2 protein chains.
Amino acid sequence: MIRDLDELLRKAKERSIRKMVVAAAEDKHVLKALQDTMREGIIIPLLIGDKEKIEQIAQSIGFVLDGIELVDNREGGAVSARIAVAKVKSGDADFIMKGFVSTADLLKAVLDKEIGLRTDQLLSHVAFFESPYYHKIFCVTDVAMNIAPDLDAKVQIIHNAVRACQGIGLENPKVAVAAAVEIVNPKMEATVHADQLKEMNAKGLLKGCIVDGPFAIDIAVNATAARNKGIGGEVAGDCDVILAPDIEAGNMFYKALNFLGGATSAAVVMGASVPVVLTSRSDDERSKLLSIALATLID
Amino acid sequence: MIRDLDELLRKAKERSIRKMVVAAAEDKHVLKALQDTMREGIIIPLLIGDKEKIEQIAQSIGFVLDGIELVDNREGGAVSARIAVAKVKSGDADFIMKGFVSTADLLKAVLDKEIGLRTDQLLSHVAFFESPYYHKIFCVTDVAMNIAPDLDAKVQIIHNAVRACQGIGLENPKVAVAAAVEIVNPKMEATVHADQLKEMNAKGLLKGCIVDGPFAIDIAVNATAARNKGIGGEVAGDCDVILAPDIEAGNMFYKALNFLGGATSAAVVMGASVPVVLTSRSDDERSKLLSIALATLID
């Protein structure tokens, strides 16, 4: 059981150092996160982007670039993203971080059939949370990429989450399929999917995890609530992964935790051949550092 | 601005005392809530249900029933619900609380065309929250009744929330229409609805409130996040009401606040001719008391 996200940083320090390529590094928030991360000694960065701008920003935040590899590109973020992806493909970097480039342009490069890092898996966002109101870290997915995943997409989203869990040493995670109620209702697709996913898991068609649901959030995270409603099993009240029904539910839940729940998160995009770190401006410094630490743990 | 839910209790005490009918009062949790509420002097109860069971439970929790009006009914919760509804209709009670009867049976009685309390409004659930992470109480709707409301239903859900806000003295509430993103995307119905609701409000077709959105939750509740993303207006970072896209998103958000956010809520069902108090077993004592206090404030 992992109690807090700092454990990710401790684990990252125990591993051999990883090389992270930054697509369009001319971004103050990203360079600050990099500065913090390098202090922890868990990554060697490789910067792609506008050298002049990168140097300017680095100077303004007191980040000494001496000895850091930099590929100068003044043709914009989309091109930097393609160069970054190529660096991973050629083995010059272990994973990738988004800088001053749109998510769309970065993912376009990642998914490019020729130069990209595409696998047969769907891309999905996997976020780990540390909350003052839960006894261990837990994962929420997908809150950012797949708008209304169908059953097959949900299988892949769970698979990506399981892989991320394995990366941090959490084997056989307990997956709660979230909904508004605990009873399967044909008018509520989330409950039907939950039932199907649970059955696939029971039949061995969805491996590496224990799936249960449909669960409203109280059942997923609170053992007393589960007991009061007579819901047993290993997952209720002790889940490691919460699968959101769709992007609205996932995103509102994610942001409730971060903005109205005193929680901290670390997140990566899974499903390409390497993890992609997509921190946002509104993430705090610790969250960005922990997201990079998380990525170093996933092979 | 109302900073905490105790303000509802203070306001309730300033009003003339209200009469609350309890449908199927043979329920330990409900009788406990009643006991607390009577101590505060904000309601006179009228109990409908199985007299023997009610007396047994009352004795077990040390609740003295002397002087409390009770209509004995041993034909079950559904009949108690009909009697309770009739009591409101005849003017013998001001509003109604659910006891040991299914929500479906209670609402069937409330919505009955002949004896019921139906209006031309949709029924919807309105919950007020006090959170350690927000500067005032705020309302979230609809997290429990309408599965996938269309635009017209959302207009009515907002109207119900506005009426509840007016009840607690909050005029012209700021309504944030929640989604996963701030940009209107035809593939995301929540964002399209947000845009339409905002326009209806601007044209005076949706009155008594200020509507803005689509907003992800960070934009709705956090002024810094709104500023960082360049989103202005009165609602961003200071909303009073959060309209959820659908029941999954609403319910997950509601339960994130209650079970992973240290928040307390008070809730009523609006849209009938009187408020309906529907507390659940998993609500804590304070939440049940505050829900009753909330109902006393709504005419």
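Residue numbers here run from 1 along each chain, matching the order of that chain's written sequence. Chains carry letters from A onward and ligands carry numbers from 1 onward, assigned in written order. Confidence filtering applies because this is a predicted model: local features only for residues at pLDDT of at least 70, side-chain atom pairs given and counted only at 80 or more, and all residues used for totals across whole chains, interfaces and linings. Side-chain metrics in this entry use all non-hydrogen atoms of the structure; hydrogen atoms and water are not considered.

Secondary structure is summarised from DSSP: a helix means a run of H or I of at least four residues, a strand means a run of E of at least two, and numbering begins at the N terminus for each. Here Ser131(A) lies in the loop between β5 (124–130) and β6 (138–141). Counted as a polar contact is a pair of N or O atoms within 3.5 Å, where, for protein atoms, one must be capable of donating a hydrogen and the other of accepting one, and residues adjacent in sequence contribute only when both atoms are in side chains. A polar contact of 2.9 Å, which involves the side chain of Ser131(A), links it to the backbone nitrogen of Tyr133(A). In this description, contact between two residues means that some pair of their heavy atoms is separated by no more than 4.5 Å. Non-local contacts of Ser131(A), meaning those with residues more than four positions away in its chain, are made with Phe138(A), Ala263(A) and Leu260(B).

Throughout, an axis means a line fitted to C-alpha atoms (over the contacting stretch in the case of helices), and angles, computed between N-to-C directions, take values from 0 to 180 degrees. Packing of helix α10 (residues 247–260) of chain A against helix α10 (residues 247–260) of chain B leaves a shortest axis separation of 8 Å and a crossing angle of 20°. Put simply, α10(A) runs roughly parallel to α10(B). For the element pair α10(A) and α10(B), the recorded crossing hand is right-handed. Residues Glu248(A), Ala249(A), Met252(A), Phe253(A), Ala256(A), Leu257(A) and Leu260(A) of α10(A) pack against Glu248(B), Ala249(B), Met252(B), Phe253(B), Ala256(B), Leu257(B) and Leu260(B) of α10(B). Three classes are used: nonpolar for Ala, Val, Leu, Ile, Met, Phe, Trp, Tyr, Cys and Pro, charged for Asp, Glu, Lys and Arg, and polar for all others, with Gly counted as polar. Along the lines of polarity and charge, the residues of the contact of α10(A) with α10(B) split into 12 nonpolar, no polar and 2 charged. The scheme is simple: roughly parallel for angles under 35 degrees, roughly antiparallel for over 145, roughly perpendicular for 65 to 115, oblique for anything else. In a left-handed crossing the near helix is turned counterclockwise from the far helix by less than a right angle, and in a right-handed crossing that turn is clockwise.

This brings us to the nonpolar core. In terms of nonpolar packing, the biggest core is built from 81 residues, with Leu31(B), Leu47(B), Leu106(B), Phe128(B) and Ile168(B) touching the most fellow members. Not counting residues up to four positions away in its chain, the partners in contact with Ile168(B) are Ile2(B), Leu8(B), Lys11(B), Phe128(B), Ile137(B), Leu294(B) and Leu297(B). One finds Leu34(A), Ile96(A), Leu107(A) and Ala295(A) within the second-largest nonpolar core, a separate group that totals 80 residues. As used in this record, nonpolar core signifies buried Ala, Val, Leu, Ile, Met, Phe, Trp, Tyr and Cys residues forming a set joined through side-chain atoms within 4.5 Å. Residue burial is assigned from relative accessible area. The probe radius is 1.4 Å, only protein chains are included, and a residue is buried under 20% of its type maximum, exposed over 50%, and partly exposed in between.

Glancing now at the pairing of strand β1 (residues 18–23) of chain A. All names here are of chain A. Among the 6 residues of β1, 5 are classified as buried, and the element is accordingly described as predominantly covered. Here the term right-handed applies to a crossover when the path leading from its first strand over the helix to its second strand runs clockwise, the strands being oriented away from the viewer. Assessed by its sense of winding, the connection that carries the chain from β1 through helix α2 (residues 28–39) to strand β2 (residues 43–49) is right-handed. Looking at chain direction, β1 and strand β4 (residues 95–98) are connected through 4 bridges and run parallel. Bridge pairing in β4 links Val22 to Met97. Strands are treated as partners if at least two bridges between them are detected by DSSP.

Right, let's talk about the pattern of salt bridges for a bit. Each reported salt bridge corresponds to a side-chain nitrogen of Lys or Arg within 4 Å of a carboxyl oxygen of Asp or Glu. Applying the stated criterion across every chain yields a total of 38 salt bridges over all chains. The closest approach of N and O atoms between Glu7(B) and Arg10(B), which form a salt bridge, is 2.8 Å. Placement of the pair is Glu7(B) and Arg10(B) together in helix α1 (residues 6–14), with a separation of 3 residues, close to one helical turn. Classification of Glu7(B) as partly exposed rests on a relative accessible area of 24%. On the basis of relative accessibility, which here comes to 42%, the residue Arg10(B) falls in the partly exposed class. We note a salt bridge from Lys136(B) to Asp238(B), for which the minimum N-O separation is 3.0 Å. With Lys136(B) in the loop between β5 (124–130) and β6 (138–141) and Asp238(B) in the loop between α9 (223–228) and β9 (241–243), this residue pair connects regions lying 102 residues apart in the sequence. Sharing partners across several salt bridges, the network here consists of Lys136(A), Lys174(A), Asp238(A) and Asp240(A).

The next subject is the pairing of strand β3 (residues 69–72) of chain A. Residues and elements named next belong to chain A. Relative to β3, β2 runs parallel, the two being bridged by 4 bridges. Along β3, the bridge assignment pairs Gly49 with Asp72. Running through helix α3 (residues 51–60), the crossover from β2 to the neighbouring parallel element β3 is right-handed.

We now examine the interface of chain A and chain B. Bring the parts together and some accessible area is lost; that lost area is often taken as the interface size. Taken together, the 37 residues of chain A in the interface contact 37 residues of chain B. For the pair chain A and chain B, the summed buried area comes to about 3100 Å², and 75% of that belongs to carbon and sulfur atoms. Broken down residue by residue, the surface that chain A buries against chain B is led by Tyr133(A), Met252(A) and Leu260(A), which jointly contribute 26%. At the surface where chain A touches chain B, the tally comes to 2 salt bridges. The tally of links from chain A across to chain B stands at 1 residue pair in polar contact (both at pLDDT 80 or more). Simply put, the buried area is the total loss of 1.4 Å probe accessible area from both parts when two parts are fitted together.

Right, let's talk about α1(B) for a bit. Residues and elements named next belong to chain B. Of all the residues in α1, the buried ones are Leu8, Leu9 and Ala12. Around the axis of α1, the buried residues are gathered within 100° of arc, so they sit on the same side. Check the buried side of α1 and you find it contacts α2 (28–40), β10 (264–270) and α11 (285–297). By construction, the arc corresponds to the directions joining the helix axis to the C-beta atoms.

What follows covers the relation of the copies chain A and chain B. After a rotation of 180° and a shift along the axis of 0.0 Å, chain A superposes on chain B with an RMSD of 0.0 Å. Overall, the copies show the geometry of a two-fold rotation axis. With an isologous cut-off of 70% or more, the 100% of interface residues of chain A that recur at the interface of chain B puts this contact in the isologous class. Alignment of copies: least-squares fit on C-alpha atoms of residues with pLDDT of at least 70 in both copies.

Here the focus is the side chain of Asp27(A). Residues and elements named next belong to chain A. Inspection of the secondary structure puts Asp27 in the loop between β1 and α2. Asp27 sits in the buried class, given a relative accessible area of 6%. Residue contacts for Asp27: discarding those within four places in its chain leaves Ile57, Gly99, Phe100 and Arg281.

Right, let's get into the confidence of the model for chain A. As a per-residue quantity, pLDDT reports the predictor's confidence and falls between 0 and 100. Per-chain confidence: chain A averages 96 in pLDDT, with 100% of residues scoring 70 or above. Listed scores for the predicted complex are pTM 0.95 and ipTM 0.94.

Moving on, we get to unusual backbone geometry. The amide bond that connects Thr141(A) to the next residue, Asp142(A), takes the cis arrangement and shows omega of -15°. Note that Asp142(A) resides in the loop between β6 and α6 (151–167). The backbone of Asn172(A) shows a phi angle near 50°, a positive value even though the residue is not glycine. Structurally, Asn172(A) is set in the loop between α6 and β7 (174–178). Backbone geometry places Ala24(B), a non-glycine residue, at a positive phi of 65°. Tracing the chain through its elements places Ala24(B) in the loop between β1 (18–23) and α2.

Attention now moves to the packing of aromatic side chains. Ring pairs are drawn from Phe, Tyr and Trp, using the six-membered ring of Trp, whenever the two centres fall within 6.5 Å, and their geometry is named by plane angle: stacked under 30 degrees, edge-to-face over 60, tilted for the rest. Going through the model one piece at a time under the given rule, you end up with 6 aromatic pairs over all chains. With a centroid separation of 5.8 Å and an interplanar angle of 25°, the aromatic rings of Phe129(B) and Phe138(B) are classed as stacked. We classify Phe129(B) as buried; its relative accessible area is 0%. By the ring-pair criterion, three or more aromatic residues cluster together here, those being Phe129(A), Tyr134(A), Phe138(A) and Tyr254(A).

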